[in-house]
Amino acid sequence: MRPGPEDLAPLLAGAATAVGAAGALLALADSDSPLRGPLTLFFLLAAPAAAIAVALRGLDLFGRVIAALAGAVVVNMLVAQAMLAVHRWSAEGGIVAVTAISSLLLLLVSLRRLRGRTERKRTV
């Protein structure tokens, strides 16, 4: 049997996670690497986009991708605007804030799903 595209999904997800984590770590470590900019940009787009895509499970693939990328841009813009409004702008602070928002969104989605499963088990 030939491996299909669905067999590559976990591999690609793992690679994207590693690239995003490397970007965040390079930015937080204030590295002078030429990969710092592109990998950090990838992290800033991929982390909130992944969290939003998980929350939009009911949409078709194309709609979920477009909505997740638009939501990631909005999250980044809101973080930047909030940091500029309070005169506390820093790249490291922005990465920490985006990470916190993305993690919180993923946590809320997983809690909602767990709660839905326990409610279904009680009614059965």
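Predicted, not measured: the structure shown is a model, and the values here were computed from it. (Residues numbered from 1 in each chain as written. Predicted model: local features only at pLDDT ≥ 70, side-chain atom pairs only at ≥ 80, totals over all residues. Heavy atoms only, no water.)

This part takes up the UniProt feature "transmembrane region" (unreviewed entry) in the protein chain. On the UniProt side, "transmembrane region" (unreviewed entry) is annotated at positions that read residues 39-59, 66-87 and 93-111 here. The straight-line gap between the two end C-alpha atoms of residues 39-59 is 28 Å; of that span, 81% is helix and 0% is strand. In residues 93-111, helix accounts for 100% and strand for 0%; the two terminal C-alpha atoms are 27 Å from one another. (UniProt positions renumbered as here; feature names shortened; annotations may be inferred. Helix = DSSP H or I, 4+ residues; strand = E, 2+ residues; numbered from the N terminus.)

Before going further, it helps to examine the packing of helix α2 (residues 36-55) against helix α3 (residues 61-85). Running from N to C, α2 and α3 cross one another at 125°; their axes reach a closest spacing of 8 Å. Taken together, the axes of α2 and α3 are oblique relative to one another. When the axes of α2 and α3 are compared, the crossing they make is right-handed. Every residue of α3 that contacts α2 at Leu-44, Leu-45, Pro-48, Ala-49, Ile-52 and Ala-53 is listed here: Arg-64, Ala-67, Ala-68, Leu-69, Gly-71, Ala-72, Val-73, Val-75 and Asn-76. A per-class count over the contact of α2 with α3 returns twelve nonpolar, two polar and one charged. (Axes fitted to C-alpha atoms, helices over the stretch in contact; angles between N-to-C directions. Parallel < 35°, antiparallel > 145°, perpendicular 65-115°, else oblique. Left-handed = near helix turned anticlockwise from the far one by under 90°. Contact = heavy atoms within 4.5 Å. Nonpolar A, V, L, I, M, F, W, Y, C, P; charged D, E, K, R; others polar.)

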